[in-house]
Amino acid sequence: MRMKFPIFSILPFASSMSMRLRKHRLGFSLIEMVVTIGIVMVLAGLLLPMAGRAYDVALGAKCQSNLRQIGIAMTAYQAEHIGALPKAYDATTTLWWYHSLMSLTPNSDGGPYLTSSKALACPQKKTGAYALVIKPPTIVGYGMLDAMLWYPTAHRQQDEPRMMLKIRNPSDWPLVMDADYPVVYGLDNPLASANRDSRFAARHRSWANVLMADGHVEQAAYGDTRWHQKVLNDDAHFSK
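Structural notes, computed from the coordinates.

The rules behind each value
- Residues numbered from 1 in each chain as written.
- Predicted model: local features only at pLDDT ≥ 70, side-chain atom pairs only at ≥ 80, totals over all residues.
- Heavy atoms only, no water.
- Salt bridge = Lys/Arg side-chain N within 4 Å of Asp/Glu carboxyl O.
- Helix = DSSP H or I, 4+ residues; strand = E, 2+ residues; numbered from the N terminus.
- Buried < 20%, exposed > 50% of the residue type's maximum accessible area, 1.4 Å probe, protein only.
- Pairing = 2+ DSSP bridges.

### Regarding the pattern of salt bridges
Phase 1: All told, the structure shown has five salt bridges when counted by the stated rule.
Phase 2: Arg-203 is the salt-bridge partner of Asp-178, the closest N and O atoms lying 2.9 Å from each other. Within this pair, whereas Asp-178 is found in strand β6 (residues 174-178), its partner Arg-203 is found in the loop between β7 (183-184) and β8 (208-212), the two being separated by 25 residues in sequence.
Phase 3: Here Arg-203 falls in the buried class, since its relative accessible area comes to 16%.
Phase 4: When the shortest N-O distance is used, the salt bridge between Asp-224 and Arg-226 registers 2.7 Å.
Phase 5: What emerges from the salt-bridge pattern is a single network uniting Asp-178, Asp-180, Arg-199 and Arg-203.

Below is the structure:
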């Protein structure tokens, strides 16, 4: 014989069971939330450094692009000046090398060789006004090498602008680089502690971008002496 239970006798039991299940689900949801937050924090800890590195790589690529634009401007300048490069600094006119690539008209931005002063600002260098009187630019993140050359006697490159025509292998000759001063007078011992006019600035994760005389860009770290004065002046690099 089948026993019949009044429906009203089952309702209290079902209601009690439903409340216990809801309580159980609530506790489980809190645990899930804690675990999820923990996983998110771990992933964030892994991904944020990667995002930072990717951002730095992008800034480094932008810097290299700037240097290539400067290289193109230098080549155009040479074509119109019998192979001569701008003087790194002209004590007579008080102009830096980049002024020679740009228009000196007040409030102008760009010129006949370098179309925009933005190419002079390394994205990793946010401050540092080098254009003392003539504007623009207001921020320059690169320095031009003004090497000591030994022909016929020791003197600076800027004393003879066409001295660059005597370079035997332009791909080995540094021209413009990440720097904290507009002119770099030598790279004999380019340490972080060296004077800012005697080193490059390794600001891209301990690397500096260096534009070579043939237009390609290399990287160098502090202590790299491949461009020592004695190296640049040997017969393999410079025609005496």
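Right, picking up where we left off after that structure.
### Observations regarding the sheet that holds β8
Strands pair in a sheet through their backbones, by hydrogen bonds, and they do so in one of two ways: parallel or antiparallel.
Phase 1: Within the open sheet, the five strands sit side by side as β7-β3-β6-β8-β9. Their pairing is mixed. In this open sheet, the two strands that pair with only one neighbour each are β7 and β9 (217-220).
Phase 2: Of the pairings in the sheet, the one linking β6 to β8 comprises three bridges and is antiparallel in character. Its bridge partner being in β8, Val-176 is matched across the sheet by Leu-211.

### Things to note about unusual backbone geometry
Phase 1: In this structure, Thr-94 is a non-glycine residue whose phi angle is positive, near 60°.
Phase 2: Following the sequence through the fold, Thr-94 ends up in the loop between β1 (89-90) and β2 (95-96).
Phase 3: A positive phi angle is found at Ser-206, which is not glycine, with a value near 75°.
Phase 4: Residue placement: Ser-206 occurs in the loop between β7 and β8.

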